[in-house]
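Chain by chain, the residues run as shown.
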Amino acid sequence: MTETQETYIRADDSDSPQRGSWERLRAIIDSLADGIVIVDRSGDIRFANPAAARLFNRSPEELIGTAFGSPLLAGETTEMEIVRRGGGDVVYAELRVVDTEWENETAELVSLRDITDRRQSDERARQLAHERDARLEAEAASQAKSDFLAIMSHELRTPLNAILGYSELMELGISGDLDDAMRKQVGRIRISAKHLLGLVNDILDLAKVEAGRLSVANAPAAISAAIDAAVTLVQPQALARNLQIVTDDVAASVPTYVGDEERVRQILVNLLSNAVKSTEPGGTITIESCGSIAPAEGARLQPRSTYLCVKVIDTGIGISEDKIAAIFEPFVQGDSGPTRSQEGSGLGLTIGQRLARLMGGDLTVESEVGKGSTFALWLPADADAETESAIIDSPVSATRNESNDVVVTRSVERQLQGLCEVGTKLLSEIEPLLAAIVGRIRVDPAIRMAAGLRTSQVADHLSTFLADIAGALAVVEESSGKPSPLLADAMEIQRLISERHGAQRARLGWHESAMRREFMIIREELERVVRSSVPAGGVLKVDDAIATVNRFVDQAEYVSVRSLERETKD
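Residues numbered from 1 in each chain as written. Predicted model: local features only at pLDDT ≥ 70, side-chain atom pairs only at ≥ 80, totals over all residues. Heavy atoms only, no water.

Q: Just checking my understanding: could you explain the pattern of salt bridges for this structure?
A: When the charged atoms of two side chains with opposite charge come close together, those side chains can pair. A complete count under the given rule lists 24 salt bridges for this structure. Residue Arg505 is joined to Glu518 by a salt bridge in which the shortest nitrogen-to-oxygen separation is 2.7 Å. Placement of the pair is Arg505 in helix α16 (residues 485-507) and Glu518 in helix α17 (residues 512-533), with a sequence separation of 13 residues. For Glu518, a relative accessible area of 2% translates into the label buried. (Salt bridge = Lys/Arg side-chain N within 4 Å of Asp/Glu carboxyl O. Helix = DSSP H or I, 4+ residues; strand = E, 2+ residues; numbered from the N terminus. Buried < 20%, exposed > 50% of the residue type's maximum accessible area, 1.4 Å probe, protein only.)

See below:
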């Protein structure tokens, strides 16, 4: 009890009841969670309980005699911002003021309630509302962009096709004879129109890939047909530059692949065109193909699967090590700057790699300045050209015979049997699976920014994503791997969740490496559940089930990372 309180409460025997009342009242005030201070007419603090002292990060003795620092009006309820001594952190308090009497003087009793959590909660709610509005605006803008591109595709292609058609008619002499100079000029018009049409098509393809709406076929096809078609298209360019294109025999063990024949030809034409542009006259461009079980280093390929690899090898200028990763980004070229020697939009490799990954493969590069580059197109291999087309890669089993050749076998319908049971088990395990994933993310040293997040922030919409994968597995088995509206809907739901997930991680300050580590944790935990749920003695192999699940996760990772990159740039 302070000296002033002792003066106010006299210590003789006649005052003992009053003293006892004050001590009981003091005990109650000291135990309150709300801060209580008495402020005199001059604005100085005359009394403070422990809760008030904690708010100001001072002792009660230090507060007594100091100015309260805020004007007070009896009956007033307001909020106050308190900058705490020492750390400088800010807390918020709700003030309630009533008139009282202290030591025979009029004073104000101020109740201070800590509302920092409530203020932060309100601020988070406002931020989420702002983010929601911004997301809706971004989605509307994205839809407007898609609509614009769809309209422009028609508006641009129609006149370009007309220019191409009329220029060809003029070259044929339909409109009258042309002399050599006129024919040369008409030829330039036709070439320029073709070039412009190619750029328009590239931009439209990129827009579809970015939106996750570009579909590719997954049907068996002969790799030799794609190589021959690509060489035929590029051969005139090579001859004009005095270059030789050498094609090795296709590996006899894996002559076919599973993918989109038109898109594979598009990728190979682009790779060959780039090789022609970057190789000095008199050089050589070599096309090799082979089968491989082990995925290439740096390639995003599933282990334990067999791939057909087509390599385009040139003896050109090569690519410096610091530019290798960037050449797969949109509008980036290895030879950049105002004095670059190559034409083009810088979209070919970007689209090529993303098309390859949509087909379950990848596009990689090895290069050395001055010695040339090797671009490798990896595609899922298939040993039976009559295998039914599947919307996702059907699991592949691969062994080697006595000659060390790759032998691939596939039976789509049989190997899909059991996926429905895996999906049912996965659906029943979502709650513990989600808890395991969230727990690992929180403590992972590569994802330090997740340690202080709430469970809902870490999990985001992961439970919905896992449930959709479980449902998709059942649809895959029931449709025998063939395209179906239900599977298309499931893929669209996964794409939408992945986009939102990437944007949310960007707002929380995550970077690409942290997100990729997160998806690695998701894969490992999913694999644990899948291994325990594959029916014993059934035709479904554990590795095949894991590979099928990982295809969905891979696509989600790709979309999430792209969404994170876009959000970070914005």
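There's more to say after this.
Q: What is the right way to read the confidence of the model for the chain from this model?
A: When pLDDT drops low, the exact placement of atoms in the prediction is not to be read closely. Predicted confidence across the chain gives a mean pLDDT of 76, with 79% of residues reaching 70 or more. Here residues 336-341 is a poorly scored stretch, pLDDT under 50, and it has 4 contacts once near neighbours within four places are set aside; other chains count. A low-confidence stretch, residues 383-414 (pLDDT under 50), is modelled with 79 contacts involving residues beyond four sequence positions or located in other chains. (pLDDT = per-residue confidence, 0-100. Contact = heavy atoms within 4.5 Å.)

Q: Is there a simple way to explain the sheet that holds strand β1 (residues 35-40) in this structure?
A: As a general point, the strands of a sheet are linked pairwise by backbone hydrogen bonds and lie either parallel or antiparallel. In space, the 5 strands of this open sheet follow the order β2-β1-β5-β4-β3, with antiparallel pairing throughout. The open sheet terminates on both sides in strands that have one partner only, identified here as β2 (45-48) and β3 (77-83). Averaged over all adjacent pairs, the angle separating strand axes in this sheet is 30°, with direction ignored. When strand β4 (residues 90-102) meets strand β5 (residues 105-114), the two strands line up antiparallel, connected through 10 bridges. Bridging across to β5, Thr100 finds its partner in Ala107. (Pairing = 2+ DSSP bridges. Axes fitted to C-alpha atoms, helices over the stretch in contact; angles between N-to-C directions.)

Q: Looking at this structure, how should I read the packing of α16 against helix α18 (residues 542-569)?
A: Helix packing geometry: the angle between the two helix axes and the distance between the axes. The interhelical angle for the contact between α16 and α18, taken along N-to-C directions, is 40°, at an axis separation of 7 Å. It follows that α16 is oblique to α18 by the angle criterion. Relative to α18, α16 is oriented so that their crossing is right-handed. Across the interface between the two elements, Leu487, Met491, Gln494, Arg495, Ser498, Glu499, His501, Gly502, Ala503, Arg505, Ala506 and Arg507 from α16 touch Phe552, Ala556, Val559, Ser560, Ser563, Leu564, Arg566, Glu567 and Thr568 from α18. (Parallel < 35°, antiparallel > 145°, perpendicular 65-115°, else oblique. Left-handed = near helix turned anticlockwise from the far one by under 90°.)

Q: Quick question: what am I supposed to make of the pairing of strand β11 (residues 362-368) here?
A: Strand residues, when the strand is regular, have side chains that alternate between the two faces of the sheet. Note that β11 and strand β12 (residues 372-382) share 7 bridges and pair antiparallel. Residue pairing for β12: Glu366 is matched across the bridge by Thr374. Between β11 and the antiparallel strand that follows it, β12, lie 3 residues; Gly370 among them carries a positive phi value of about 85°.

Q: What is the right way to read the environment of Ala436 from this model?
A: Mapped onto the elements, Ala436 comes out in helix α13 (residues 430-443). Spatially, the C-alpha atoms of Ala436 and Glu525 are 7.4 Å apart, while their sequence positions differ by 89 residues. Sequence-distant contacts of Ala436, defined by excluding residues within four places in its chain, comprise Glu525 and Arg528.

Q: Where do I start with α13 in this structure?
A: Note on helix geometry: an α-helix contains 3.6 residues per turn, so any two residues three or four positions apart are oriented the same way. For α13, with 14 residues, the first-to-last C-alpha span of 20 Å sits near the 20 Å given by 1.5 Å per residue. Of the residues making up α13, those classed as buried are Ile430, Leu433, Leu434, Ile437, Val438 and Ile441. All buried residues of α13 project into a common sector of 130° when viewed along the axis, lining one side. Away from its buried face by more than 90 degrees, α13 exposes Glu431 and Val443. Those residues of α13 hidden inside the fold are in contact with α12 (419-428), α14 (455-459), α15 (462-478) and α17. (Expected span 1.5 Å × (residues − 1). Arc of directions from axis to C-beta.)

Q: Explanation requested: α17 in the structure shown.
A: Helix length check: α17 (22 residues) gives 31 Å between terminal C-alpha atoms against 32 Å at 1.5 Å per residue, within 8%. Among all positions in α17, only Ala514, Met515, Glu518, Phe519, Ile521, Ile522, Arg523, Glu525, Leu526, Val529, Val530 and Ser533 are buried. If you follow the buried residues of α17, they end up packed against α12, α13, α14, α15, α16 and α18.

Q: Would you mind going over the state of the cysteines with me for this structure?
A: Cysteine pairs can be linked by a disulfide, which is a covalent bond between their two sulfur atoms. Following the criterion strictly, the structure yields 0 disulfides and no others. Cysteine Cys290 is unpaired, with the sulfur of Cys309 as its nearest cysteine sulfur at 4.7 Å. Judged by relative accessible area, which is 32%, Cys290 ranks as partly exposed. (Disulfide = S-S within 2.5 Å.)

Q: What is the right way to look at a nonpolar patch on the surface in this model?
A: The grouping of Tyr166, Leu169, Leu172 and Ile174 at the surface amounts to a nonpolar patch, some 480 Å² of accessible area in total. Under the relative-accessibility criterion, Tyr166 is labelled exposed at 59%. (Patch = residues over 30% accessible without salt bridge, like charges linked within 9 Å, V, L, I, M, F, W, Y side chains within 5 Å. Areas by Shrake-Rupley, 256 points an atom, 1.4 Å probe, with all protein chains shown as cover.)

Q: What is the right way to look at the nonpolar core in this model?
A: A general tendency of soluble globular proteins is for nonpolar side chains to be buried together. By size, the foremost hydrophobic cluster in this structure holds 46 residues, and its most contacted members are Ile437, Ile441, Leu466, Ile469, Trp510 and Leu526. If you list the elements that add at least two residues to this core, you get α12, α13, α14, α15, α16, α17 and α18. Considering each element in turn, this core owes the most residues, 9 residues, to α15. (Core = buried A, V, L, I, M, F, W, Y, C linked by side-chain atoms within 4.5 Å.)

Q: Can you help me understand the environment of Asp44 in this one?
A: Secondary-structure assignment places Asp44 in the loop between β1 and β2. Along the chain, Asp44 and Gly65 lie 21 residues apart, while their C-alpha atoms are 5.6 Å from each other. Sequence-distant contacts of Asp44, that is, excluding residues within four places in its chain, are made with Ile38, Val39, Gly65, Thr66 and Ala67. Among the polar contacts made by the side chain of Asp44, one reaches the side chain of Ser42 at a distance of 3.4 Å. (Polar contact = N/O pair within 3.5 Å; in protein donor to acceptor, adjacent residues only side chain to side chain.)

Q: What exactly am I supposed to notice about the pairing of β4 here?
A: Relative to β4, β3 runs antiparallel, the two being bridged by 7 bridges. Bridging from a neighbouring strand, Met80 pairs with Ala93 of β4. Between β4 and β5, which pair antiparallel in sequence order, lie 2 residues; one of them, Glu103, sits at a positive phi of approximately 55°.

Q: I tried to follow the packing of aromatic side chains on my own but got confused; where do I start?
A: Each aromatic ring pair is specified by the distance between its two centres and by the angle formed by the two planes. Considering all chains together, one arrives at 1 aromatic pair under this definition. The interplanar angle of 35° and the centroid separation of 5.9 Å between the aromatic rings of Phe47 and Trp102 together place this pair among those described as tilted. One end of the pair, Phe47, is in strand β2; the other, Trp102, is in strand β4, with 55 residues separating them in the sequence. Judged by its relative accessible area of 10%, Trp102 is buried. One residue, Arg119, lies across the ring of Tyr92, its end atom 4.0 Å from the ring centre. One residue, Arg505, lies across the ring of Trp510, its end atom 4.1 Å from the ring centre. (Phe/Tyr/Trp six-rings, centres within 6.5 Å; stacked < 30°, edge-to-face > 60°. Lys NZ or Arg CZ within 6 Å of the ring centre and 35° of its normal.)

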